Amino acid sequence: MKGREGKPHIGIFGRRNNGKSSLINAIVGQEISIVDAQAGTTTDPVRKAIEIFGIGPAIIIDTAGIDDEGAIGRKRIEKSTEVLKQIDFALLVITHYTFGEPERWLAEHFKTFGIPFMVVNNKCDEATGNPAGVPFPVWNVSAHTHEGIENLIAEMVKQMPESAYVSRSLLGDLICGGDTVVLVTPIDSEAPEGRLILPQVQMIRDILDHDALAVVLKEGRLAHYLDTHEPPKLVITDSQMFERVSRIVPEEIPMTGFSIVLAHHKGDFEHYLEGTPHLDHLHDGDRILMLESCTHRNSCEDIGRHKLPAWIQRYTGRTLHFDFVAGLNEVPDIQPYAMVIQCGGCMITRKQLINRLKPAVDQHIPVSNYGMVIAYLNGIFERAVKPFVQQSTASTHE
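Residues numbered from 1 in each chain as written. Predicted model: local features only at pLDDT ≥ 70, side-chain atom pairs only at ≥ 80, totals over all residues. Heavy atoms only, no water.

1. Re the overall build of the protein
Inference 1: The helix and strand tally for the protein stands at 13 helices and 14 strands.
Inference 2: Counting only residues that meet the buried cut, the protein has 50% of its 398 residues in that class.
Inference 3: Here the contacts in the protein between residues at least 6 apart in sequence split such that 75% fall between residues at least 24 apart.
Inference 4: Working note: accessible area of the protein is about 18,800 Å², and carbon and sulfur atoms make up 50% of it. (Helix = DSSP H or I, 4+ residues; strand = E, 2+ residues; numbered from the N terminus. Buried < 20%, exposed > 50% of the residue type's maximum accessible area, 1.4 Å probe, protein only. Contact = heavy atoms within 4.5 Å. Areas by Shrake-Rupley, 256 points an atom, 1.4 Å probe, with all protein chains shown as cover.)

Here it is as structure tokens:
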């Protein structure tokens, strides 16, 4: 069964005063973007939650004009360019069939990032220009009269990659109806008040989607549960409990971590497998980039900013330098880093996560994931990734 994960992100690009904001309002059917006759009204990229029939909930991103001018204009263009790393689909808005260097630049970047896109000729009610000058199929619309809007939406639904809004199961072929999955969920100062963290909730839902049984308990109850019940099909633990839980769970029971499930589900799993052992090859003075998918207040128990760096330095015996990038903030120049470590990514889409790691992967800088690093530091890396390695092997032989 497939379940919905991160909403698809649709970027709207084009020159100033091409009616990008008006087009968004026409697509959504209400005024959610500011429209002004003055060019350059949209400055920073603006995100709006929308609903598109046939796709469902989505995020549409209105960007500044690609032809913006001056020092501030260049900064706006840079921010619009960053959006390319975050989107699943793009609309390139032109008027009067004008397709010049800015549009060619955008089209090339769409191709570089593997982004499907449509060229939309807005203001078609003004009926000027020559369509022969556009090297791509063109959809004619008028945000003013709404001519062609329904056809545009229908075509967007056709061209939107299904992977942008429908995801494969978190646990894949690991479980089936009637199986029991034990979820070890410690409650510490980093746990949100009165609720579970998102990966735990996602896991419970996926287990229920398989008609399986989810048993949720704290680490202190695990041994008693295993002693008094039939062995579960799988144990999934918070990565911070790997060392303790691995000693409690017998070897014959498959065990992994929430972060590793997410790493396999939406991360660059093969490169994680390859990059994690680089922990044994770090040197004094090496810099490590820690990538978080969300923004939150951190405490002394924060896994990414405090615990994990301390554990890595203790394991390696090296003096290392750590930099941190939260949310979807721009990743700095990747060259100075010896390694990049990404969190599970529960708050972002697979497309966004893969594009965040792409500069490191392209330059052969080792990449890994929080949970996989913690498993490696505790000497149980092979055991923690084994369920998914076996699953991939089985799929290859089918």
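Next comes the rest of the write-up.
2. What about helix α1 (residues 20-28)?
Inference 1: Within α1, seven of the nine residues are buried, which leaves it mostly tucked inside the rest of the structure.
Inference 2: The complete set of buried residues in α1 reads Lys20, Ser21, Leu23, Ile24, Asn25, Ala26 and Ile27.
Inference 3: Residues of α1 that are buried sit in contact with β1 (9-14), β3 (56-62), β4 (89-95), β5 (117-122) and α4 (149-159).
Inference 4: Phi for glycine 29, located one or two positions after α1, is positive at around 85°.

3. Things to note about the packing of helix α5 (residues 198-209) against helix α8 (residues 258-266)
Inference 1: For the pair α5 and α8, the least separation of the axes is 10 Å and the interaxial angle reads 70°. As far as their axial angle goes, α8 and α5 are roughly perpendicular. On α8, the residues that touch Pro199, Gln200, Gln202 and Met203 of α5 are Phe258, Val261 and Leu262.
Inference 2: Residues belonging to the contact of α5 with α8 are distributed by class as follows: five nonpolar, two polar and no charged. (Axes fitted to C-alpha atoms, helices over the stretch in contact; angles between N-to-C directions. Parallel < 35°, antiparallel > 145°, perpendicular 65-115°, else oblique. Nonpolar A, V, L, I, M, F, W, Y, C, P; charged D, E, K, R; others polar.)

4. Notes on the sheet that holds strand β13 (residues 337-342)
Inference 1: Pairing is parallel in the open sheet, where four strands are placed in the order β12-β11-β13-β14. Two strands lie at the open edges of the sheet, namely β12 (321-325) and β14 (367-369), each paired on one side alone. Across the sheet, the axes of successive neighbouring strands diverge by a mean angle of 25°, strand direction being ignored.
Inference 2: Here β13 pairs with β14 via three bridges, running parallel. (Pairing = 2+ DSSP bridges.)

5. Re the packing of helix α10 (residues 303-316) against helix α12 (residues 370-377)
Inference 1: α12 packs onto α10 with a crossing angle of 30° between their chain directions and a minimal axis gap of 11 Å. Crossing angle aside, the handedness with which α10 passes α12 is left-handed. Of the residues in α12, those in contact with Ile303, Gly304, Leu308, Trp311, Ile312 and Tyr315 of α10 are Tyr370, Val373, Ile374, Tyr376 and Leu377. (Left-handed = near helix turned anticlockwise from the far one by under 90°.)

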